[in-house]
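Residues per chain are reported as follows:
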Amino acid sequence: MHPSIILKPGREKALNRRHPWIFSMAIKKVSGKPELGETVDILDHNGNWLARGAYSPQSQIRVRIWSFDQQQNIDQAFFTARVEQAFLSRQALIKEQGLTGFRLIAAESDYLPGVTVDHYDNTLVCQLLSAGAEYNRHLIIAALEAVFPQHTIYDRSDVDVRKKEGLAKTQGEIKGVLEGGLSIIEENGVKILVDIKQGHKTGFYFDQRDNRRIAGEFCKDKTVLNCFSYTGTFGIYALNNGAKHFTNVDLSQPALDIAKQNIELNNLDLSRVDFVQADVFKLLRKYREEGRTFDVIILDPPKFADNKAQLTGACRGYKDINMVAMQLLNPGGTLLTYSCSGLMSADLFQKIVADAALDARRDAQIIARLSQASDHPIASTFPEGFYLKGLALTVL
Ligand code: SAH
């Protein structure tokens with residue numbers, strides 16, 4: 001018997017639609033004394049069993065659901081089955097695009113709330129972000145070992161969101177030894193260096209994989225400005241597609257150093273690439289003053305809004321960079337612009353880009369709507385899983 005959570009009348013609606021979160025406001029009573037992350041049964045106010053989940057006493061999201069099946073124990077077999085399912089559902093993608101690097105488990109969207117696992121060649125990198133993920137750490141790791149017996153397993157749970165769950169940050173080897181230096185992964189015939197220990201998140205942004213390929217198609221014989229380049233992977237695709245000149249801009253010098261090595265690793269022409277360590281907001285204005293122009297501009301900023309209070313500021317930030325970028329485009333140029341802020345809806349993002357075009361005094365036509373790669377699926381019961389939006393525009 002697990003401790004149980006009894007919901008207020010009417011608050012079972014989201015669970016009936018199999019949404020995996022229960023907010024603190026929906027709870028009438030906690031019976032028993034569940035520990036941080038412990039498995040609890042969820043009951044409606046009449047005592048009917050609804051679901052089984054993990055208790056997060058310090059978070060607004062008080063319970064994250066593991067299963068809607070009353071017979072399902074939350075044990076190693078459960079986690080192994082979820083890992084197997086996630087791997088199985090990615091097989092076609094892995095084969096089709098020749099991937100050795102991909103997101104193996106995308107948390108709620110793979111029915112494992114709080115669990116993110118990325119696959120880098122022969123290493124798995126985990127982020128356990130919720131109290132329930134941490135409580136079941138040993139079962140989750142054992143499940144990964146069962147499906148990937150030869151892989152090194154490395155922990156990158158060194159993220160601030162763990163604080164909201166009452167957890168400290170953790171990082172380091174869980175199984176095997178991660179050799180020093182950078183790992184190499186492949187996608188679509190491109191080789192990419194990844195710094196698993198010190199890179200952003202787990203080391204790399206797999207979610208932009210399709211968008212890198214699409215962007216490349218716009219770049220033949222073009223001069224391209226890649227803002228927020230990180231390790232420069234958009235550039236490899238662009239140069240493979242015959243870009244005339246490519247400029248990577250990022251605040252992080254270590255990221256730019258890897259970007260340079262990535263060009264060399266793919267035997268591309270370094271003389272066609274610039275690496276600029278700068279703040280994009282300032283650099284775009286400087287280029288405008290200098291009268292510099294480009295044929296293609298890519299804007300892939302970090303998440304500007306972590307919560308609703310930051311959304312207004314985020315809108316201003318998006319509008320600003322999109323406006324100046326449009327002013328820097330040659331007539332008929334292409335803007336590829338993205339937002340990875342989950343709180344920003346696709347509609348709102350499109351409005352901001354439309355406003356940016358008005359302010360830039362340019363006509364802009366949307367020619368493609370872009371999204372996250374399919375190893376970042378969106379469970380139909382969890383629309384919050386859709387976070388990466390993009391637009392391709394012709395700017396006249
Ligand atoms: N386009 C990349 C991912 C970008 S992540 C890819 O495909 O891999 C966002 C990047 O923006 C990070 O590398 C971060 O260092 C950089 N960054 C954040 N704020 C910045 C700023 N104001 N100016 C320039 N770069 C910035």
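You'll find the structure just up there.
Residues numbered from 1 in each chain as written. Predicted model: local features only at pLDDT ≥ 70, side-chain atom pairs only at ≥ 80, totals over all residues. Heavy atoms only, no water.

Turning next to the overall build of the chain. From N to C terminus, the chain includes 12 helices and 20 strands. Whereas a compact globule of 396 residues would reach a radius of gyration of roughly 21 Å, the chain reaches 23 Å, a difference of no more than 12%. On the principal axes, the C-alpha backbone points of the chain span a range of 70 × 45 × 35 Å. The burial tally for the chain puts 54% of its 396 residues in the buried class. Summarising the internal contacts of the chain: among those between residues at least 6 apart in sequence, 64% fall at separations of at least 24. Per element, the accessible surface of the chain, about 17,400 Å² overall, is 50% carbon and sulfur. Counting 47 positive and 46 negative side-chain charges, the chain places the averaged centre of each group 6 Å from the other. (Helix = DSSP H or I, 4+ residues; strand = E, 2+ residues; numbered from the N terminus. Rg over C-alpha atoms; globule rule 2.2 N^0.38 Å. Buried < 20%, exposed > 50% of the residue type's maximum accessible area, 1.4 Å probe, protein only. Contact = heavy atoms within 4.5 Å. Areas by Shrake-Rupley, 256 points an atom, 1.4 Å probe, with all protein chains shown as cover. Lys, Arg positive; Asp, Glu negative; His and termini not counted. Charge placed at Lys NZ, Arg CZ, Asp CG, Glu CD.)

Turning our attention to the nonpolar core. Most often, soluble globular proteins have nonpolar side chains that are buried together. Counting residues in each nonpolar core, the largest one holds 35 residues, and the members touching the most others are Leu225, Cys227, Leu284, Ile297, Met326 and Leu335. Among the elements of the structure, β14 (223-227), α10 (280-290), β17 (294-299), α11 (311-328), β18 (329-339), α12 (346-360) and β20 (389-395) are those that each provide at least two residues to this core. Sort the elements by how many residues they give to this core and α11 lands first, with 10 residues. Apart from the residues within four sequence positions on either side, Leu225 is in contact with Thr247, Val249, Leu284, Tyr287, Phe294, Val296, Ile297, Ile298 and Leu328. Listed in part, the 32 residues of the second largest apolar core include Val194, Ile236, Tyr338 and Leu370. (Core = buried A, V, L, I, M, F, W, Y, C linked by side-chain atoms within 4.5 Å.)

Glancing now at the sheet that holds strand β4 (residues 39-43). Reading across from one edge, β2-β6-β5-β4-β1-β3 is the order of the 6 strands in this open sheet, with mixed pairing throughout. Because the sheet does not close on itself, it has two edges, and the strands there are β2 (21-23) and β3 (27-31). Across this sheet, the average inter-strand angle for adjacent strands is 35 degrees, counted without regard to direction. Judged from the 3 bridges that link them, strand β1 (residues 4-7) and β4 form a sheet pairing that is parallel. (Pairing = 2+ DSSP bridges. Axes fitted to C-alpha atoms, helices over the stretch in contact; angles between N-to-C directions.)

Residues in close proximity to the ligand total 16 residues, the closest being Asp250, Leu251, Asp279, Val280 and Asp300. Within the side chain of Arg212, a nitrogen or oxygen atom sits 3.3 Å from an oxygen atom of the ligand. One nitrogen or oxygen atom from the main chain of Phe228 is found 3.1 Å from a nitrogen atom belonging to the ligand. Its free accessible area being 590 Å², the ligand has 90% of it covered by the protein chains. Among the residues making up the shell around the ligand, the classes are represented as 9 nonpolar, 3 polar and 4 charged. (Near = heavy atom within 4 Å. Polar contact = N/O pair within 3.5 Å; in protein donor to acceptor, adjacent residues only side chain to side chain. Nonpolar A, V, L, I, M, F, W, Y, C, P; charged D, E, K, R; others polar.)

It is worth spelling out the sheet that holds strand β10 (residues 152-157) at this point. Taken in spatial order, the 5 strands make up an open sheet running β7-β8-β9-β10-β11, and their pairing is mixed. Edge strands, defined here as strands with exactly one partner in the open sheet, are β7 (101-106) and β11 (170-175). The mean angle between the axes of side-by-side strands here comes to 20 degrees, regardless of whether they run parallel or antiparallel.

For the rest of this paragraph, the subject is the layout of surface pockets. One number sums up the size of the second largest pocket: a volume of about 210 Å³. As for the second largest pocket, its lining consists of 13 residues, of which Arg18, Trp66, Phe68, Arg82 and Tyr111 are closest to the centre. With 3 residues, strand β6 (residues 61-67) is the largest single contributor of residues to the lining of the second largest pocket. Looking at the lining of the second largest pocket residue by residue, the classes come out as 7 nonpolar, 2 polar and 4 charged. (1 Å grid on protein atoms, 1.4 Å probe; cavity = no way out; pocket = protein on both sides within 12 Å on 5 of 7 lines; lining within 4 Å. Points joined across faces, edges and corners; volume = space filled by probe spheres on them.)

Before going further, it helps to examine unusual backbone geometry. If you check the backbone angles, Ala107 has positive phi at about 45 degrees while not being a glycine. Topologically, Ala107 is positioned in the loop between β7 and β8 (115-120). Although it is not a glycine, Tyr230 adopts a positive phi angle of roughly 50 degrees. In this structure, Tyr230 sits in the loop between β14 and α8 (233-240). On the basis of relative accessible area, Tyr230 is assigned to the buried category, the value being 10%.

The next thing to look at is the packing of aromatic side chains. With the rule as written, the count across this model stands at 15 aromatic pairs. Each ring, one from Phe87 and one from Phe102, has its centre 6.3 Å from the other, and the planes form 10 degrees; the classification is stacked. You can see Phe87 sitting in helix α2 (residues 76-89) and its partner Phe102 sitting in strand β7, a full 15 residues away along the chain. A relative accessible area of 24% places Phe87 in the partly exposed class. A cation over a ring is seen here: Arg292 above Tyr287, with NZ or CZ 4.5 Å from the ring centre. Across from the ring centre of Phe386, 5.9 Å away, lies the NZ or CZ of Lys389, which sits over that ring. (Phe/Tyr/Trp six-rings, centres within 6.5 Å; stacked < 30°, edge-to-face > 60°. Lys NZ or Arg CZ within 6 Å of the ring centre and 35° of its normal.)

With that settled, consider the environment of Lys201. Along the polypeptide, Lys201 turns up in the loop between β13 (190-194) and α7 (209-217). C-alpha separation for the pair Lys201 and Ala133, spaced 68 residues apart in sequence, amounts to 17 Å. Once residues lying within four places of it in the same chain are set aside, the contact partners of Lys201 are Gln127 and Arg156.

This part is about the packing of α2 against helix α5 (residues 137-147). For the pair α2 and α5, the least separation of the axes is 8 Å and the interaxial angle reads 50 degrees. By the angle between their axes, α2 is oblique relative to α5. In this structure, the crossing between α2 and α5 has a hand that is right-handed. Between α2 and α5, the contacting residues are Gln76, Phe79, Thr80, Val83, Glu84 and Phe87 on the first element and Leu139, Ile140, Ala142, Ala143, Leu144, Ala146 and Val147 on the second. Considering only residue class, the contact of α2 with α5 consists of 10 nonpolar, 2 polar and 1 charged. (Parallel < 35°, antiparallel > 145°, perpendicular 65-115°, else oblique. Left-handed = near helix turned anticlockwise from the far one by under 90°.)

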